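Per-entry structural report
Spelled out from the first residue to the last, the chains are:
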Amino acid sequence: MNNTIKKKIDTTLKFVYSDNNSLSVIFHNNELLMGVAGEYNKNLKELEKMTSSSLYSRGNSIMIKSDPQKNELIKNAIQFLTNQFINNGSIENKDLISSVDQFMIKEKVKNNNVTDIIKTPKKSIIPRSEKQKSYVRALRQSDIVISAGPAGTGKTFLAVAVGLTMLLEKKIERIILSRPAVEAGERLGFLPGDMKEKVDPYLRPLYDSLYDLFDFEKIQRMIEIGDIEIAPLAFMRGRTLKNSFAILDEAQNATDTQIKMFLTRIGENSKIVVNGDPTQIDLPNKSMSGLFRSKELLGHLNEISVVDFDHSDVVRHPLVSKIVKAYSKND
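Below is a short write-up of the structure. (Residues numbered from 1 in each chain as written. Predicted model: local features only at pLDDT ≥ 70, side-chain atom pairs only at ≥ 80, totals over all residues. Heavy atoms only, no water.)

1. Regarding the packing of aromatic side chains
- Within this structure, the stated rule accounts for 3 aromatic pairs.
- Plain terms: the ring middles of Y135 and F309 are 5.3 Å apart, the flat faces sit at 85° to each other, and that makes the pair edge-to-face. A residue pair is termed long-range when its members are at least 10 positions apart, and Y135 in helix α6 (residues 130-141) and F309 in the loop between β12 (304-308) and α12 (318-330) qualify at 174 residues.
- In this structure Y135 comes out as buried when scored by relative accessible area, which is 0%.
- Joined through ring pairs, the aromatic side chains of Y207, Y211 and F216 make up one cluster.
- The ring of Y56 carries R58 above its face, with NZ or CZ at 5.3 Å from the centroid.
- Looking at K75, its charged tip hangs above the ring of F15, at a distance of 4.6 Å from the centre. (Phe/Tyr/Trp six-rings, centres within 6.5 Å; stacked < 30°, edge-to-face > 60°. Helix = DSSP H or I, 4+ residues; strand = E, 2+ residues; numbered from the N terminus. Buried < 20%, exposed > 50% of the residue type's maximum accessible area, 1.4 Å probe, protein only. Lys NZ or Arg CZ within 6 Å of the ring centre and 35° of its normal.)

2. With respect to the pattern of salt bridges
- Enumeration over the complete set of coordinates arrives at 10 salt bridges.
- A salt bridge links E229 to R174; the nearest nitrogen and oxygen atoms lie 3.7 Å apart. Here E229 is found in strand β9 (residues 228-232), whereas its partner R174 is found in strand β8 (residues 174-179), with 55 residues between them in sequence.
- Judged by its relative accessible area of 22%, R174 is partly exposed.
- Note that K218 is salt-bridged to D215, the shortest N-O span being 3.9 Å.
- Relative accessible area serves as the criterion here: at 33%, D215 is assigned to the partly exposed category.
- Overlapping salt bridges bring together R174, E229 and R239 as one network. (Salt bridge = Lys/Arg side-chain N within 4 Å of Asp/Glu carboxyl O.)

3. Section: the sheet that holds strand β10 (residues 244-248)
- Pairing is parallel in the open sheet, where 6 strands are placed in the order β9-β8-β10-β11-β7-β12. Edge positions in the open sheet fall to β9 and β12, since each of these has one partner strand only. Direction aside, neighbouring strands of the sheet carry axes that sit 15° apart on average.
- As paired elements, strand β7 (residues 144-148) and β12 share 5 bridges and run parallel to each other. Within β12, the residue paired with S147 across the bridge is V307.
- The strands touched by α6 are β7, β10, β11 (271-276) and β12; relative to β11, the strand with the most contacts, the crossing angle is about 150°.
- Each of β7, β8, β10 and β11 is contacted by helix α10 (residues 256-263), which is oriented at about 155° to β11, the strand it contacts most. (Pairing = 2+ DSSP bridges. Axes fitted to C-alpha atoms, helices over the stretch in contact; angles between N-to-C directions. Contact = heavy atoms within 4.5 Å.)

Pasting the structure below:
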């Protein structure tokens, strides 16, 4: 985005209110309007779905038609997206979610227990389904949490967010993020580079969650000094975790023995989270996965919570829920 547009940030948008519960957001720059609305107005259509309102792109304006309170919410969301486009040159689906969430917090608090909200340095995160609420509460209250469900249900992201807040509040001393580094048994020898270079590609989703919640430089510093440790599952053997929040991601690709090993690392003032997607087992024999057995054997223990997500809990792109549902029916 060029500097001319950046200089107009305070005067680019004009708001015109009408008597018929409509609000027009007028853009003085067509490139900015197109960026906010998205190709074929896809961003506006997504905002419509998320807010149950009506949005129209007409000439150099976006018209919002809903009740006055919701009109203000969407107006703020459009201002947020305008800033995102000016600063980044594009708008992603996560920006659309953030644009609505950050202005719906006060409204959603009325319908949510305030303790369900996770406040991180970059954003406040609101559980978007009843299962997510239960999951967040379990993460805070239980010593061990085992969760299973399809991609996009927030298993890893919410766990990382809760762990990060506990670390920043000094309730724990470190976060440990782990996963089977290679799906079928952590065979790393054939990969090029040193150990960090070998395992980083497999741990990338964990890094992404951290960077989405806190400044890149600060996360890097916390990794360097050991406040955050990211390691393949094989490296957890023989350790005892004290004052820690440990997450095992992609646990569907860990064997029964490996999950037992990870769970028994728990020490004083520690929490352990085991997450997996039963539909994405990459082990040679699906029966080798230890995720099912851990739920069956341990779900009755008071200190352990088990949360099962399904397609209705997917909060990624709306299409992900439809894909998961379609595959579930076929399976």
